[in-house]
Amino acid sequence: MAKNSLNSKGKSGRRSRSKKEKKDRSARKNPEWISKIVAFVKDPRTRKTIGALMVLASFYLLLALTSYFFTWKADQSLVDGKSVLEAVFSSSNITVENWLGKLGASLSHQLMYNWFGISSFGLILLLFIFGLWISAGIKLLPLKKTTVITLVSVVWLSIFFGLFSGNDGFLAGGAFGYFTNAWLAASLGKIGAGLLILCSLFIVIVILFNPDFSSWFSKKDAAEIAEEEDNEQVAVTDIHIVNPIKENQIVEEQISETISFGDEEEEEKSEATSEADDDFEITIAEGTEENTTAETEDEGFEVEVPKSEEEMTEDLINEKLEEFGEFDPTLELSSYTLPSTDLLAAHGDNTIKINKQELEDNKNNIVQTLANYKIEIDKIKATVGPTVTLYEIVPAAGVRISKIKNLEDDIALSLAALGIRIIAPIPGRGTIGIEVPNSNPDIVSMRSLIASEKFQNSDFELPVALGKTISNETFIYDLAKMPHLLMAGATGQGKSVGLNAILVSILYKKHPSQVKFVLVDPKKVELTLFNKIERHFLAKLPGEEEAIITDTAKVVNTVNSLCIEMDERYDLLKEAQCRNIKEYNKKFINRRLNPENGHRFLPYIVLVIDEFADLIMTAGKEIETPIARLAQLARAIGIHLIVATQRPSVNIITGTIKANFPARIAFRVTSKIDSRTILDAGGADQLIGRGDMLFSTGNDLIRIQCGFVDTPEVDDICDFIGGQKAYPDALHLPEYIPEGGDSALDIDEEDRDALFEEAAKIVVLHQQGSASLLQRKLKLGYNRAGRIIDQLEAAGIVGPFKGSKAREVLYPDEISLEQFLNPGSSNIEKVDE
């Protein structure tokens, strides 16, 4: 034991000494002044300043060089042979004609005359691009590629322009181009120098761009070439050999495949030698390199090599990202404009009206009532809010809190108030709060909430401006972190206005590509205004005419469809090795996920149910079960629920529902039992109505005055959004077929898309059944491509959906497809599923 202890001490001592020695060596190697210089250079302010100066210098040089074309004859004798400093600080009596003075004349002379001539403008381009990147992080062009091309172009153009330098003293290629041409002409002659320069241009183009010169001289167009390549691919991919072979026959296959986000290039080579006594079939899949030994006697033999997905290296990913830039989900509606705050009315004056007499009277009544019950207080403070004033009291030592809480009704009687609420104690303050309604409550305008700095600068995924607190602060919350919201309140207490406030908040912050709403309105009148933004922000089942759901049976199908969407999204996250939608979308935007493998940008989906009690009464477990499943699992993949009801009873808001809705809003209810049902605490029965609410996230209750947004305001906002360019249709949710129901894929031939046959040929030609393939080849939107894929499935051309994998194509070649589309051709069997 002692030996081990000594050894451990010795090792730790050596480690501590080695760390100290390394630190000392590092300190000697990097003196303090060097560290200060490094810190100064890394300072973001330094980068921004340097970048801004580079951009300014690029504009300065652009004007100076442009002026040189007109003033070089007058200025050359004054600046020639002088350095920049000598020219700038020369006698003040010397004047130049350059637009930017002696500095401009000297710099332009150096660049145009002494260096590279006209091609010096390329250096200004580089200075501007790098200045913009350093100062603002904006990449106008790929930096590495642009730098190489520009520098090579500057040198070559300088030599090329040097061929045409005149006798008037103007050197189009600068001194570099002039003397290079003089040397080449002396060595190769004038004609030989010209041929060498043109040959060097060809070499530079080949090295930098590697063009395909053969396609320039081919008589076949690109479409025919692509068709031949695809036919070769089909011929190699599915091989049916019916020949006798010898024992121990070896079949070798070598296939190389290149995957990119743009065009696809596939080359396959296969060699097979066969001689034997029996028949057999070999199916070779793409993307593998295998040596397969087949031995047969009397039985048919089948070998299937599974396809392995090619992985992209980090360098290839970065190269693609630099070439194409990040994926922009807003590009399809790039002209979309967020609504203006002018569409919202300014209700009230957004100022707190202080009635000193009322405050003084309420304070005296509270103190007197407590004194009547022998309760002394040390301090009292009033905080005036838009609808409620909070009186904070500090009781004297020895006073029990429960004694004050039991006086709630007595205090309300002395104040003659509609209803008071006692908070004993206030969390984190060590005081007791008494909330008393104001005699003249103020209206909290939704416009003031949207225009607030807190909302405009929020970086929440789904920001919601609920209202203002007692301290008159704008209350903003992220729906993505709630992650689901349960609302309840008696009729006419502000529940529908609260729903509108939540929807309007998201509309004021998000692009249509980033969020979609599924709206359920059994009352048929509350959410109808949002029909106008159907093709921008709404989602619905395929084939439905109305996006806002009012029929109970359709609600059940829609919620079950969201469960299917949830499962599909989890499959995508599993394939991408991501834990949530934010990580997944970030990977997709950075082009680290290939759409060819089924990946897509995932918008947030918000399910809004306006009257949950009606659904429970008519559908019961059919609706409760899928909603509970969504509430438990859908948070990570960006599906969030907002469920509202005016009957917060235990048979409506069951334990399963409550357990998965940590965020809850209670407007005024009629009894303490309803308050405890929705909040697990009292207080909602003491609210004053008209948007007065309690917000709970499971920790404490926050009293908020909900922002008021009137129906005409919502109408104007929806008109503004609906009047802009939109998607072809609302987002289509996955199809849900109830048990015993008929498939919606039983599509009549007359209802097929006009591009159905062309799409079928493309799918069979490429042996890949995906909507993204049809989007690229036929230049379609996602929704139309998805409908065509459904029609192909209904026709039996492609198989069913398989998560992130492409659908199976059930026809091996165009001949068998043609026989299906035009009966009467040769009989070729369809490939078994």
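Residues numbered from 1 in each chain as written. Predicted model: local features only at pLDDT ≥ 70, side-chain atom pairs only at ≥ 80, totals over all residues. Heavy atoms only, no water.

Student: What is the right way to read the overall build of the protein from this model?
Tutor: Assigned secondary structure in the protein consists of 29 helices and 20 strands. Residue burial in the protein is summarised as follows: out of 833 residues, 44% are buried. A fraction of 66% describes how many contacts in the protein between residues 6 or more apart in sequence connect residues 24 or more apart. (Helix = DSSP H or I, 4+ residues; strand = E, 2+ residues; numbered from the N terminus. Buried < 20%, exposed > 50% of the residue type's maximum accessible area, 1.4 Å probe, protein only. Contact = heavy atoms within 4.5 Å.)

Student: I keep staring at the packing of helix H3 (residues 44-79) against helix H5 (residues 101-115) and nothing clicks. Help me out?
Tutor: Working note: a packed helix pair is described by the angle between its axes plus the distance between those axes. Taken N-terminus to C-terminus, the directions of H3 and H5 make an angle of 90°; their axes are 7 Å apart at the nearest point. Relative to H5, the element H3 is oriented roughly perpendicular. Residues Tyr60, Leu61, Ala64, Leu65, Tyr68, Phe69, Asp75, Gln76 and Val79 of H3 pack against Leu103, Gly104, Ala105, Ser106, Leu107, Ser108, His109, Leu111, Met112 and Tyr113 of H5. (Axes fitted to C-alpha atoms, helices over the stretch in contact; angles between N-to-C directions. Parallel < 35°, antiparallel > 145°, perpendicular 65-115°, else oblique.)

Student: Sorry, what's going on with the pairing of strand E11 (residues 474-478) here?
Tutor: Each regular strand displays side chains that alternate between the two surfaces of the sheet. Taking burial as the measure, the 5 residues of E11 include 4 buried ones, the bulk of the element. For strand E10 (residues 463-469) and E11, the ladder comprises 5 bridges, and the chain directions are antiparallel. Residue Val464 lies in a different strand from E11, and its bridge partner there is Tyr477. Counting the residues that bridge the hairpin from E10 to E11 gives 4 residues, and of these Asn472 lies at a positive phi of roughly 65°. (Pairing = 2+ DSSP bridges.)

Student: I keep staring at the pattern of salt bridges and nothing clicks. Help me out?
Tutor: Oppositely charged side chains are able to pair whenever their charged atoms sit close together. All chains considered together, the criterion is met by 24 salt bridges. Note that Asp680 is salt-bridged to Arg664, the shortest N-O span being 3.0 Å. In this pair, Asp680 is assigned in the loop between helix H24 (672-679) and strand E18 (692-696) and Arg664 in strand E17 (residues 663-666), connecting sequence segments 16 residues apart. (Salt bridge = Lys/Arg side-chain N within 4 Å of Asp/Glu carboxyl O.)

Student: What is the right way to read the pairing of strand E19 (residues 701-706) from this model?
Tutor: Note that E10 and E19 share 3 bridges and pair antiparallel. Counterpart to Thr469 in the pairing with E19 is Ile704. Of the strand pairs in this sheet, E18 and E19 are connected by 5 bridges, and their pairing is antiparallel. Of the residues in E19, the one forming a bridge with Asp692 is Gln705. The antiparallel hairpin formed by E18 and E19 contains 4 residues in its connecting segment, where Gly698 sits at a positive phi of about 100°.

Student: Please explain the sheet that holds strand E8 (residues 421-423) as it appears in this structure.
Tutor: Hydrogen bonds between backbone groups are what pair the strands of a sheet, and the pairing can be parallel or antiparallel. Taking strand neighbours across the sheet as the criterion, the 4 strands line up as E6-E7-E9-E8 in an open arrangement whose pairing is antiparallel. Each having just a single partner strand, strand E6 (377-384) and E8 make up the two edges of the open sheet. Neighbour-to-neighbour, the strand axes of this sheet turn through a mean angle of 20°, independent of strand direction. Note that E6 and strand E7 (residues 388-395) share 7 bridges and pair antiparallel. What sits directly across from Lys381, in E7, is Glu392. Sheet contacts for helix H12 (residues 356-372): E6, E7 and strand E9 (432-437); angle to E7, the most-contacted strand, approximately 40°.

Student: Would you take a moment to explain the packing of helix H19 (residues 552-576) against helix H20 (residues 581-589) for this structure?
Tutor: Across the interface, H19 lies against H20 with an axial gap of 10 Å and an inter-helix angle of 60°. Our classification of the angle between H19 and H20 gives oblique. Crossing of H19 against H20: the hand is left-handed. Of H20, the residues touching H19 (which contributes Arg569, Leu572, Leu573 and Ala576) are Ile581, Tyr584 and Lys587. Tallied by class, residues from the contact of H19 with H20 come to 5 nonpolar, no polar and 2 charged. (Left-handed = near helix turned anticlockwise from the far one by under 90°. Nonpolar A, V, L, I, M, F, W, Y, C, P; charged D, E, K, R; others polar.)

Student: How do you make sense of helix H6 (residues 121-136) when you look at a structure like this?
Tutor: Count 3.6 residues to each turn of an α-helix, and residues three or four apart come out pointing the same way. Taking 1.5 Å of rise per residue, the 16 residues of H6 would be expected to cover 22 Å, and the 23 Å separating its terminal C-alpha atoms lies within 8% of that figure. Gly137, located one to two residues past H6, shows a positive phi value of around 70°. (Expected span 1.5 Å × (residues − 1).)

Student: What exactly am I supposed to notice about helix H25 (residues 711-722) here?
Tutor: Taking 1.5 Å per residue, 12 residues should reach 16 Å; H25 reaches 16 Å between its end C-alpha atoms and fits that length. The set of residues buried in H25 consists of Glu713, Val714, Ile717, Cys718 and Ile721. Buried residues of H25 fall within an arc of 130° about the axis and therefore sit on the same side. Buried positions along H25 lie against helix H17 (495-507) and helix H18 (534-537). (Arc of directions from axis to C-beta.)

Student: Can you help me understand the side chain of Gln768 in this one?
Tutor: Summarising the element assignment, Gln768 is placed in the loop between helix H26 (756-766) and helix H27 (771-778). Within the structure, the side chain of Gln768 is placed 2.8 Å from the side chain of Glu596, a separation counted as a polar contact. (Polar contact = N/O pair within 3.5 Å; in protein donor to acceptor, adjacent residues only side chain to side chain.)

Student: Help me understand the packing of aromatic side chains in this model?
Tutor: How two aromatic rings sit relative to each other is set out by the distance from centre to centre and by the angle between their planes. Applying the stated criterion across every chain yields a total of 16 aromatic pairs. Here Phe59 and Phe128 contribute two aromatic rings whose centre-to-centre distance is 5.7 Å and whose plane-to-plane angle is 80°, an arrangement assigned as edge-to-face. Residue Phe59 is found in helix H3, and its partner Phe128 is found in helix H6; the two are separated by 69 residues along the sequence. On the basis of relative accessibility, which here comes to 24%, the residue Phe128 falls in the partly exposed class. Between Phe327 and Phe588, the ring centres sit 5.0 Å apart and the planes meet at 85°, which makes this aromatic pair edge-to-face. Separated by 261 residues along the polypeptide, Phe327 in the loop between helix H11 (314-324) and H12 and Phe588 in helix H20 bring together distant segments of the chain. (Phe/Tyr/Trp six-rings, centres within 6.5 Å; stacked < 30°, edge-to-face > 60°.)

Student: How should I be thinking about the environment of Ser675 in this particular structure?
Tutor: Checked against the element boundaries, Ser675 lands in helix H24. Judged by relative accessible area, which is 0%, Ser675 ranks as buried. Taking the C-alpha atoms as reference, Ser675 lies 9.5 Å from Ser649; in sequence the two are 26 residues apart. Not counting residues up to four positions away in its chain, the partners in contact with Ser675 are Val669, Asp680, Ala681, Gly682, Gly683, Ala684 and Asp685.

Student: What is the right way to look at the sheet that holds E17 in this model?
Tutor: Spatially, 9 strands are ordered E11-E10-E19-E18-E17-E12-E16-E15-E13 in an open sheet, and the strand pairing comes out mixed. The two strands at the open ends of the sheet, each matched to only one other strand, are E11 and strand E13 (515-520). Averaged over all pairs of adjacent strands, the angle between strand axes in this sheet comes to 30°, irrespective of strand direction. Both strand E12 (residues 485-488) and E17 contribute to a ladder of 4 bridges, which runs parallel. The residue of E17 that forms the bridge with Ala488 is Ala666. Of the strands in this sheet, E13, strand E15 (604-609) and strand E16 (639-645) touch H19, which is tilted by about 155° from E15.

Student: What exactly am I supposed to notice about unusual backbone geometry here?
Tutor: Note: most residues except glycine have negative phi, and most peptide bonds are trans. The step from Met482 to Pro483 runs through a cis peptide bond, and the omega angle for that step is -10°. Here Pro483 lies in the loop between E11 and E12. Of note in this structure, Lys374 is not a glycine but carries a positive phi near 60°. By the secondary structure assignment, Lys374 is in the loop between H12 and E6. What makes Lys374 exposed here is its relative accessible area of 70%.

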